[in-house]
Amino acid sequence: MLRCFGRLGKSPSQRPRKPRLLGAAGGGSGSSVGMGIWTWGEEWEGGGQARWALAFLWLTVAADLSSAWGSRAPGRQQWPVPYRRFEFRPTPDPYCQAQYTFCPTGSPIPVMKDDDILEVFRLQAPVWEFKYGDLLGHLNIMHDAIGFRNTMTGKNYTMEWYELFQLGNCTFPHLRPEKNAPFWCNQGAACFFEGIDDNHWKENGTLVLIANISGKIFNQMANWVKKDNETGIYYETWTVQASPEKESTTWFESYDCSKFVLRTYQKLAELGTKFKKIETNYTRIFLYSGEPTYVGNETSIFGPAGNKTLATAIKRFYYPFRPHMSTKEFLLSLVKIFDTVLIHRQFYLFYNFEYWFLPMKAPFLKIKYEEIPLPNKIPVSKTLGL
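What you are looking at is a predicted structure, and each value in this text was computed from that prediction instead of being measured. (Residues numbered from 1 in each chain as written. Predicted model: local features only at pLDDT ≥ 70, side-chain atom pairs only at ≥ 80, totals over all residues. Heavy atoms only, no water.)

Novice: An account of the pattern of salt bridges is requested, with residue identities and associated values reported.
Specialist: A complete count under the given rule lists nine salt bridges for this structure. Salt-bridge contacts for Glu 253 lead to Arg 284; the nearest nitrogen and oxygen are separated by 3.4 Å. Highlighted residues: Glu 253 in the loop between strand 7 (250–252) and helix 7 (257–270) and Arg 284 in strand 8 (residues 281–289), separated in sequence by 31 residues. Its relative accessible area of 13% is what places Arg 284 among the buried residues. (Salt bridge = Lys/Arg side-chain N within 4 Å of Asp/Glu carboxyl O. Helix = DSSP H or I, 4+ residues; strand = E, 2+ residues; numbered from the N terminus. Buried < 20%, exposed > 50% of the residue type's maximum accessible area, 1.4 Å probe, protein only.)

Following this line, the structure appears as structure tokens:
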């Protein structure tokens, strides 16, 4: 069984400049997370990453220009669809590989003394800062993490959650000729390692004290993190809503670095932590659609008795998002994406290992840097369910 927790290292904003093949990413097990051909990691972390980042921003502008085309009203159901959790973390397919090693310098979470005092820090820096500096910071596209400092020992620690195989693999599949169904390399995991790179977080981002906790609370949080990491295994890029309005129906929630940080803050509050009153903002990527339609899973769509028409439509939708394209192919793919998503208003979402059809609506796509307040300390009686 793959144990990503305990082997940790560079964050998405800190990754080394030299490419490294993905090797072992387990705790004591030392499990291999896969060696194989170069996949989405090379495209997204190399020169292709810049092209897709610019293309993504171009689509947000194009979506704004298309917002006057009208929309369809959402239906009334119980939403959002709950994120599916698992009993254990599976070993990735050997085909899946990242250009940069996932968490190469990490260590297991240490056990603190109950009466230790730890400072808790909010950490935030631009995504891909190691490669592009503060470029994406100007657009508020940020990566989130949590820092800890044991005031008794003086040791610092960083904890975060991110993709094993880079963002492209978590957002779009591979269309392999030998496979009937789209092939996904999508996992995310928690990372814990000793040290806080002060310069990295301060230079273009945030490093600010938000709370103090006891060693006992830290140990309780650590046990929760281990369980959360083993059961929440896949990354979800998109938050899907009916409209940009505040009270709009949310169809699907994202599951990314910021959501891990928010879950951890909430758990600390449940354990009795009192947070400072400071403003905290997070990057979220929104898709806007009418009420989604469930269309099936891999077996029902792509299996021997599957729906061939639907299977073809889904693979045709994902084809323009493939990696390793020439400049000409890339530009043609942008036109195709524009036509499918903004003109014909179609999007296929893969969520909980199932496929959903999204009837897209204006404003289609937005990147927001939203304020989400730190949680309030929860009374013990409420924590215990009394």
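Read on, since the account is not over.
Novice: Summarise the packing of helix 6 (residues 215–231) against helix 7; cite the residues concerned and give the values.
Specialist: Packing of helix 6 against helix 7 leaves a shortest axis separation of 10 Å and a crossing angle of 140°. Classified by the angle their axes make, helix 6 and helix 7 are oblique. By crossing handedness, the relation of helix 6 to helix 7 is classed as right-handed. Only Phe 260, Arg 263, Thr 264, Lys 267 and Leu 268 of helix 7 make contact with helix 6, whose side of the interface consists of Ile 217, Met 221, Trp 224, Val 225 and Asp 228. Classifying every residue of the contact of helix 6 with helix 7 gives six nonpolar, one polar and three charged. (Axes fitted to C-alpha atoms, helices over the stretch in contact; angles between N-to-C directions. Parallel < 35°, antiparallel > 145°, perpendicular 65-115°, else oblique. Left-handed = near helix turned anticlockwise from the far one by under 90°. Contact = heavy atoms within 4.5 Å. Nonpolar A, V, L, I, M, F, W, Y, C, P; charged D, E, K, R; others polar.)

Novice: So what's going on with the nonpolar core? Residues and values would help.
Specialist: Nonpolar side chains tend toward joint burial in soluble globular proteins. By size, the foremost hydrophobic cluster in this structure holds 72 residues, and its most contacted members are Phe 148, Phe 218, Trp 238, Phe 252, Tyr 318 and Phe 347. For this core, the element with the most residues is strand 11 (residues 354–371), which contributes eight residues. If we ignore the near neighbours within four places in the chain, the residues touching Phe 347 are Trp 238, Leu 287, Phe 317, Val 341, Trp 356, Phe 357, Leu 358 and Met 360. Membership of the second largest hydrophobic core comes to 12 residues, among which are Cys 96, Ala 98, Phe 165 and Ala 189. (Core = buried A, V, L, I, M, F, W, Y, C linked by side-chain atoms within 4.5 Å.)

Novice: Describe the state of the cysteines, naming the residues involved and giving the relevant values.
Specialist: A full pass over the atoms with the stated rule returns two disulfides. Note on cysteine connectivity: Cys 96 is disulfide-linked to Cys 185, with sulfurs 2.1 Å apart. Note on the Cys 96 and Cys 185 pair: the S-S dihedral is about -85°, so by sign convention the disulfide is left-handed. Residue Cys 96 is located in the loop between helix 2 (47–65) and strand 1 (117–126), and its partner Cys 185 is located in the loop between helix 4 (166–171) and strand 4 (188–194); the two are separated by 89 residues in the primary sequence. Across the pair, Cys 185 and Cys 96 agree in class, each one buried. Looking at the protein, its bonded cysteines, counted consecutively from the start of the sequence, adopt the pairing 1-3, 2-4. Cys 170 takes part in no disulfide bond, and the closest cysteine sulfur, belonging to Cys 185, lies 9.0 Å away. Taking relative accessible area as the criterion, Cys 170 reaches 3% and is therefore assigned buried. (Disulfide = S-S within 2.5 Å.)

Novice: How would you explain the sheet that holds strand 1 if you had to name every residue and give the values?
Specialist: If you trace the five strands from one edge of the open sheet to the other, you get 4-3-2-1-5, paired in antiparallel fashion. Two strands close off the open sheet at either side, each with one partner strand: strand 4 and strand 5 (206–214). The mean inter-strand angle of the sheet, taken between neighbouring strand axes irrespective of direction, is 25°. Pairing between strand 2 (residues 142–150) and strand 3 (residues 156–163): four bridges, direction antiparallel. Bridging from a neighbouring strand, Gly 147 pairs with Thr 158 of strand 3. In this fold helix 6 packs onto strand 1, strand 2, strand 3, strand 4 and strand 5, with an angle of close to 110° to the strand it touches most, strand 5. Against the sheet, helix 7 contacts strand 1, strand 2, strand 3, strand 4 and strand 5, and its axis sits at roughly 35° relative to strand 2. (Pairing = 2+ DSSP bridges.)

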